[in-house]
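Fold and geometry: a report
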Amino acid sequence: MNILLIGSGGREHSLAWKMAQSPKLTNLYTAPGNAGTMELGENIDIDTNNFDEVKKFVLERSINIVVVGPEAPLVAGIHDFFLADEMLKDISVIGPEKNAAMLEGSKDFAKEFMMKYTIPTAGFKTFDEINIKEADSYLESLKPPYVLKADGLAAGKGVLIIDSLNEAKAELKDMIENKRFGEASKKVVIEEFLDGIELSVFVLTDGETYKILPSAKDYKRIGEGDTGPNTGGMGSISPVPFADSSFMEKVEKRIIKPTIIGLQKEGLKYKGFIFFGLIKVGNDPFVIEYNVRMGDPESESVIPRIKSDMVELFEAVGEDRLSEKSIEFNDKYVASVFLVSGGYPGSYEKGKVMRGFDEVDDCILFHAGTKIDANGKIITNGGRVLSVTASGKTMEDALEKAYANSEKINFEGKYYRKDLGKDLIADS
Ligand code: AMP
Ligand code: GLY
């Protein structure tokens, strides 16, 4: 199998690492990739938003499967582009078609879908230029804090949680009338605030059969104790101790099954990963959001727990044969600690030389914002730089190993959170 993997983060490095272990893999190309994916195959410098460029490459290199890491190419219709092209239509694309990718591409679409299929989620109402006058009274009917979400993709920044009613009213106007998040906030979903603890659950599906992957928790805020601004993710842990089997049964029955059935009934073609961003309120799961891809930094802790051959699974998804496959996981805990550039998620410098790669022991390093410079040295190339991932019999073991190794990798300005898992320890 020749595989093209689209993306450049830690998620993609973890997928590349896993696929590289498959005897079925012949060539792996990652576009654009990072210093980590480069060691497992070839990094390709093509513009993955330009589907004609992707087509040319796919045909030249006889690609069999395209694995799409991030959401943007899916929301832009890369899967549909392949299906509509005589020369590409038999090549498998792992990632949903455009209409189904709207589960992530439009919050309003996702909420309407959940209402229709009675999937538990926060109560909501959607506003735009036309009905904006009714927004004040809807906000007044809710209890604080107020949750305002830009409808479209806003690079993870489009959700505001606001304590003051007046501020919420003003922000809503700013989002819709002043297009605070550009086209993404032409429509805004206002929803009830749910008070609980978040977790991420993933499935791999061919549209008929689904396989549930291990649960994970990510740490979004930059500061310890979940303080400060949101980031792309400061680390993750899998499994989530509080997502025990009775909770996961509820997740499957109330959320996963109705989602798959809903997709089928709506004629939404889905081959790929579905990411359920959940919140546990009391003992019940609610959906905060859908994403149409694996999570990052969750993948870095979830993918190493999969024992089965990933290439075989992707092949089966592409050929509607997932029902023939079983998927197995190891029963370890995995923890991933993200090393980030000083200043992130604000401004930060790139190009810092990274050291210590030979000193790490019993861990996996998943690269994200890294590249090789002209002298062959690994340098920083982004805010989130490297995931130090380790496994152990307990969550504490996994964290201890990940932290011991996090100290060994160095670059100027390195920062990482030292409190991952502390919120979960009483539970494990
Ligand atoms: P989203 O982009 O929809 O995942 O929202 C970003 C973050 O905002 C989530 O990870 C939650 O921490 C928080 N959030 C979103 N919706 C709600 C809600 N209805 N109640 C409480 N927190 C929420
Ligand atoms: N970890 C959250 C995300 O991937 O969107």
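Attention in this report is confined to the structure presented alongside it.

Cut-off values and rules
Per-chain numbering applies: the sequence of each chain, read as written, is numbered from 1 onward. Following the order in which they are written, the chains are lettered starting with A and the ligands numbered starting with 1. Totals for whole chains, interfaces and linings use all residues, but because this is a predicted model, local features are given only for residues with pLDDT of at least 70 and pairs of side-chain atoms are given and counted only at 80 or more. Note that water and hydrogens are dropped before the side-chain values are worked out from all heavy atoms of the structure. Neighbouring residues are identified by heavy atoms, a residue being near a molecule or strand if any of them is within 4 Å of it. Here a polar contact means two N or O atoms within 3.5 Å. Within protein one must be a hydrogen donor candidate and the other an acceptor candidate, and residues neighboring in sequence count only if both atoms are side-chain atoms. Residues are grouped as follows: nonpolar covers Ala, Val, Leu, Ile, Met, Phe, Trp, Tyr, Cys and Pro; charged covers Asp, Glu, Lys and Arg; every other residue, Gly included, is treated as polar. Numbered from the N terminus, helices here are DSSP runs of H or I no shorter than four residues, and strands are runs of E no shorter than two. Buried residues are those whose accessible area, probed at 1.4 Å on protein chains only, stays under 20% of the maximum for their type, while exposed residues exceed 50% and partly exposed ones sit between those limits. Note on contacts: a residue pair qualifies if any of its non-hydrogen atoms lie within 4.5 Å across the two residues. What makes two strands pair is DSSP finding at least two bridges between them. Aromatic pairs are defined between Phe, Tyr and Trp rings, using the six-membered ring for Trp, whenever the two ring centres lie within 6.5 Å; interplanar angles under 30 degrees are classed as stacked, those over 60 as edge-to-face, and all others as tilted. Counted as over-ring charges are cases with an Arg CZ or a Lys NZ within 6 Å of the ring centre that also lie within 35 degrees of the ring normal. Exposure was quantified through the Shrake-Rupley algorithm and a 1.4 Å probe, taking into account, for residues, occlusion by the shown protein chains and nothing else.

What to know about the site of ligand 2
Looking at ligand 2, the residues that line it are Asp218, Phe275, Asn291, Arg293, Gly295, Asp296, Pro297 and Glu298. In the model, an oxygen atom of ligand 2 is placed 3.0 Å from a nitrogen or oxygen of the Asp296 main chain. Of the residues that constitute the shell around ligand 2, the class distribution is two nonpolar, two polar and four charged.

Here we look at the environment of Ile176
Tracing the backbone shows Ile176 in helix α8 (residues 165-177). In this structure Ile176 comes out as buried when scored by relative accessible area, which is 3%. Ignoring any residue separated from it by four or fewer positions in sequence, one finds Ile176 in contact with Phe127, Asp128, Glu129, Ile132, Ser185, Lys186 and Val188.

A word on the pairing of strand β7 (residues 146-150)
For β7, the tally of buried residues reaches five of five residues, placing the bulk of the element in the interior. The alternating pattern of β7 places Tyr146, Leu148 and Ala150 and Val147 and Lys149 on opposite faces, both of which are buried. In terms of strand pairing, β7 meets strand β8 (residues 159-162) through four bridges, oriented antiparallel. Residue pairing in the sheet places Lys149 in a bridge with Val159 of β8. Relative to strand β9 (residues 188-191), β7 is paired through four bridges, and the arrangement is antiparallel. Within β9, the residue paired with Leu148 across the bridge is Ile190.

Comments concerning the packing of aromatic side chains
Under the criterion given, the structure shown has 12 aromatic pairs. Look at Phe113 and Tyr117: their rings are 5.2 Å apart centre to centre, the planes differ by 45°, and that puts the pair in the tilted class. Here Phe113 and Tyr117 have matching classes, each one buried. Aromatic rings pair up to connect Phe113, Tyr117, Phe276 and Tyr290 into one cluster. The ring of Tyr416 carries the charged tip of Lys418 above its face, separated from the ring centre by 4.5 Å.

Quick look at the site of ligand 1
Close contacts around ligand 1 come from 14 residues, with Glu191, Glu192, Leu194, Glu198 and Glu289 the closest. The contact in question runs from an oxygen atom of ligand 1 to an N or O atom on the side chain of Glu289, over 3.0 Å. For ligand 1, whose unbound accessible area comes to 470 Å², protein coverage reaches 88%. Where the shell around ligand 1 is concerned, the elements lending two or more residues are β7, β8 and β17 (284-291).

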